[in-house]
Amino acid sequence: MVGCRLAGVWDKDVAEVIGMTEVLLAVGTRKGLFVGRRRGGTWEFDDSPCFNAQAIYSIAIDTRGERPRLLAGGDSAHWGPSVFHSDDLGRTWTEPAAPAVKFPQDTGASLERVWQLHPAAAEPDVVYAGTEPAALYRSEDRGESFELVRPLWEHPTRSRWVPGGGGEGLHTVLTDTRDPRAVTVAVSTAGVFRTADAGASWEPSNSGVSAVFLPDPNPEFGQCVHKVARDAVNPDRLYLQNHWGVYRSDDAGAHWTDIGEGLPSTFGFAIAAHPSRADTAYVFPINADADRVPAGHRCRVFRTSDAGGSWEPLTAGLPQEDHYGTVLRDALTTDDGDPAGVYFGNRNGEVFASADDGDTWRQLLSHLPDVLCVRAAVID
């Protein structure tokens, strides 16, 4: 059992009595997990981080059960990677007695880190984990134990997958509320793969996505996809941030269309969709793959409200001076509020939040270790 000091403990009964909605914000950094709560317009953060000195590469806030469950993919320099869970909003954490995620001996692989934790959209107790080396794991007990999805691990193209600059990580998992058998994943640098039969078979799904760094810029697989998000209203509409290029699919990933026109740069890591508004997504452009700082040295989130037909910069309340805080692929997120909360953290150790769909921003935290991932949810 792992604990961390709290500024205050959430109580569902009290929240119901006073009619106050709470937003939970979890910030994974290179050296620990920082947890904050907003009641009304006031943010409070825990006195000290959980998992001190551990890198937190993935977070999930699972609100499907009677009580929310937090999941964290930690990486101890001494003990290695693990998956922890908390059923009291981060006050205490449990690590399973046996490793939650482990490569079977016959694979000859060992776990480097857990890049993604994703509660399944249509199966209450199912959680997926994406790892490095690139693999997909499935849990049927809310993240306490996982099994390797072997058909993807044994995919005939795997021997030709090449690690990206940050390693060979399966960093995106998308499930579909309409069909639990449909799962979409993204791997750096193998691209997007989809299954329609609960993981029994997988097909590359990168038509239209360019790989500018390869001799053939339009391969079946091998794209360096950085992140994929699903539209809130049209589940067949996906948004993709590539290693150069921002794309949209209107057929669940079968084909992709470039929607990067109007952005100061189409290189970036993060993309997030609005939780309830159709055709609305957010990106944080980066200058270039060889110059990984905010585009034009300006701290700007860009929003599309017409599925990529146009983009607008969101800057109110963000730093106006030269800025060098890079936002990584899982460090831009939305909550499920209305209006939506939008959040991002950067490698300067700064965390910014908007409570009005991104129109205006405020800085919540500074001088943290590198921010690796950010997750937020409304806790009723």
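Here the structure is shown first, and the text comes after it.
Read on for a plain summary of the structure. (Residues numbered from 1 in each chain as written. Predicted model: local features only at pLDDT ≥ 70, side-chain atom pairs only at ≥ 80, totals over all residues. Heavy atoms only, no water.)

When you go through the protein chain residue by residue, the secondary structure sums to 2 helices and 30 strands. A compact globule built from 380 residues should have a C-alpha radius of gyration of about 21 Å, and the protein chain, at 19 Å, falls within 12% of that. With respect to the principal axes defined by its C-alpha atoms, the protein chain has extents near 55 × 50 × 40 Å. Burial statistics for the protein chain: of 380 residues in total, 59% are counted as buried. Here the contacts in the protein chain between residues at least 6 apart in sequence split such that 51% fall between residues at least 24 apart. Surface summary for the protein chain: the accessible area is close to 15,100 Å², and the carbon and sulfur share equals 47%. Here the protein chain contributes 34 positive and 53 negative side-chain charges, whose respective centroids are spaced 2 Å apart. (Helix = DSSP H or I, 4+ residues; strand = E, 2+ residues; numbered from the N terminus. Rg over C-alpha atoms; globule rule 2.2 N^0.38 Å. Buried < 20%, exposed > 50% of the residue type's maximum accessible area, 1.4 Å probe, protein only. Contact = heavy atoms within 4.5 Å. Areas by Shrake-Rupley, 256 points an atom, 1.4 Å probe, with all protein chains shown as cover. Lys, Arg positive; Asp, Glu negative; His and termini not counted. Charge placed at Lys NZ, Arg CZ, Asp CG, Glu CD.)

Tracing the backbone through its elements, the reader meets Ser249 in strand β19 (residues 246-249). Residue Ser249 is classed as buried on the basis of its relative accessible area of 0%. Separated by 2.7 Å, the side chain of Ser249 and the backbone nitrogen of Gly253 make a polar contact. Excluding anything up to four places from it in sequence, Ser249 contacts Asp236, Arg237, Leu238, Ala254, His255 and Trp256. (Polar contact = N/O pair within 3.5 Å; in protein donor to acceptor, adjacent residues only side chain to side chain.)

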